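# Structural overview for review
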Amino acid sequence: MPTVASFAQVQQQPLTDGMTMAYRECGTGTPIVMLHGLADQSLVWQSLATYLSDRYRCFAPDLRGHGDSSKPPNPTAYQAQQLADDLEICCQRQQLGAVHVVAHSWAAKIALIWAQQAPARLQSLTLADPFFVNRLSPVFRPTFPLLYRALPFLRAMGPFPDWEQAQTMAQTMKQYRGWSDWQQAIFRAGMAPQPDGQWRSKFAIAARNGVFADVVQVAGLTVPLTIPTLLLLPTQGLNRMAWQTRPYYRYLPQLESRSIPGHHWPHLADPDAFNQAVAAFLTRFTDGYPRF
């Protein structure tokens, strides 16, 4: 049985064409797939996985281009549908069966596309402050380089001359506010030393470029999905206007929305409240059937 301690250990699952998916896991029981947001990696789910591990098999992959998973050099390899295909192949090879999915931010788009492609695979969805889910106007394409510099979490890509300057930058970022031992471990797990002594994020530049190209080409939520879905909206999150959440109410008839404390990274800002909200939703599926 994968133990709580084993969640810190990265394992590798071969996919296709030489690709591998890194992942962490712990616990036993009904499987839950936990999908990190853009530029993050699987260790961000350690608190939730620990909280649920006595009841669930918690499986947290590094999406391609992130963490210790494969990083194809061509930006076209990072379309959301391809990442959803990675997840389906990984679930088949891990023999996970039907799964619950928790997805943060941009990964909500991958989860929604995956649910359309493999509706029998997903028992439920939990979407935490989803972002970049639907298609952006192509007029934003010329401004992407400016966006790369403006988004604080992308500034952490580096490069940094040394580890001390990398840490100094990280402590200014919202998701690492407090700079706890766990937050430090998350940041360290997402960085890699370079041969010239610099430090860079493990998040690949090709992945960054490919994802932003994908968000002007493909919408993630355009057809009804009957899968039970929990929409978690942090009080200081990104979805503060009615128009931002309208697609979820339109296309997800079994949607429940819940406000929780925290900012865009609620699983890092207030993990106790976040973990409890996810667990409460999942208890409705204890016998394999949703209760609403």
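Above this text sits the structure in question.
What counts, and at which threshold
Residues numbered from 1 in each chain as written. Predicted model: local features only at pLDDT ≥ 70, side-chain atom pairs only at ≥ 80, totals over all residues. Heavy atoms only, no water. Helix = DSSP H or I, 4+ residues; strand = E, 2+ residues; numbered from the N terminus. Buried < 20%, exposed > 50% of the residue type's maximum accessible area, 1.4 Å probe, protein only. Polar contact = N/O pair within 3.5 Å; in protein donor to acceptor, adjacent residues only side chain to side chain. Contact = heavy atoms within 4.5 Å. Core = buried A, V, L, I, M, F, W, Y, C linked by side-chain atoms within 4.5 Å. Arc of directions from axis to C-beta. Axes fitted to C-alpha atoms, helices over the stretch in contact; angles between N-to-C directions. Parallel < 35°, antiparallel > 145°, perpendicular 65-115°, else oblique. Left-handed = near helix turned anticlockwise from the far one by under 90°. 1 Å grid on protein atoms, 1.4 Å probe; cavity = no way out; pocket = protein on both sides within 12 Å on 5 of 7 lines; lining within 4 Å. Points joined across faces, edges and corners; volume = space filled by probe spheres on them.

### A closer look at the side chain of N275
Structurally, the position occupied by N275 is in helix α11 (residues 271-282). Residue N275 is classed as buried on the basis of its relative accessible area, which comes to 2%. At 3.0 Å, the side chain of N275 forms a polar contact with the side chain of S47. Apart from residues no more than four positions distant in its own chain, N275 is found in contact with S47, L48 and Y51.

### Quick notes on the nonpolar core
One finds M34, L35, W45, L52, V101, W114 and F274 to be the most contacted residues of the largest nonpolar core, which totals 100 residues. Looking at this core, the element that brings in the most residues is helix α3 (residues 107-117), giving 8 residues. Discounting chain neighbours no more than four positions away, the residues touching F274 are W45, L48, V102, A128, L232, I260, P266 and H267.

### Things to note about unusual backbone geometry
Working note: non-glycine residues mostly have negative phi, and peptide bonds are mostly trans. With an omega dihedral of 10°, the bond running from G158 to P159 counts as a cis peptide bond. Counting through the fold element by element, P159 comes out in the loop between α5 (152-155) and α6 (163-170). For S105, which is not glycine, the phi dihedral falls at a positive 55°. Mapped onto the fold, S105 is located in the loop between β5 (99-104) and α3. The phi torsion at F132 lies on the positive side, around 60°, for a residue other than glycine. Secondary-structure assignment places F132 in the loop between β6 (122-128) and α4 (144-150).

### Considerations on α3
Burial analysis of α3 places 9 of its 11 residues in the buried class, which makes it a mostly covered element. Turning to α3, its buried residues are A107, A108, K109, I110, A111, L112, I113, W114 and A115. Its buried side turned inward, α3 meets β3 (30-35), α2 (80-94), β5, β6 and α8 (205-214).

### Focus on helix α9 (residues 242-251)
Every buried residue of α9 is accounted for by Q244, T245, Y248 and Y251. Angular distribution of buried residues about the axis of α9 spans 130°; they occupy a single face of the element. Away from its buried face by more than 90 degrees, α9 exposes A242, W243, R246 and R250. For α9, the elements touching its buried residues are β6, β9 (229-236) and β10 (255-263).

### Describing the packing of α6 against helix α7 (residues 181-189)
Two elements in contact, α6 and α7, have axes separated by 11 Å at closest approach and are oriented at 125°. Here α6 is positioned oblique relative to α7, judged by the angle of their axes. With respect to the hand of their crossing, α6 and α7 are arranged in right-handed fashion. Contact residues: α6 offers W163, A166, Q167 and A170, while α7 offers Q184, F187 and R188.

### Quick look at empty space enclosed by the protein
Summed over all chains, the structure comprises 1 cavity of 30 Å³ or more. By volume, the largest cavity is sized at about 170 Å³. Every residue lining the largest cavity is counted, 17 residues in all, and those nearest its centre are A39, D40, Y176, G190 and S201.

No statement about biological role is implied by the geometric values presented.
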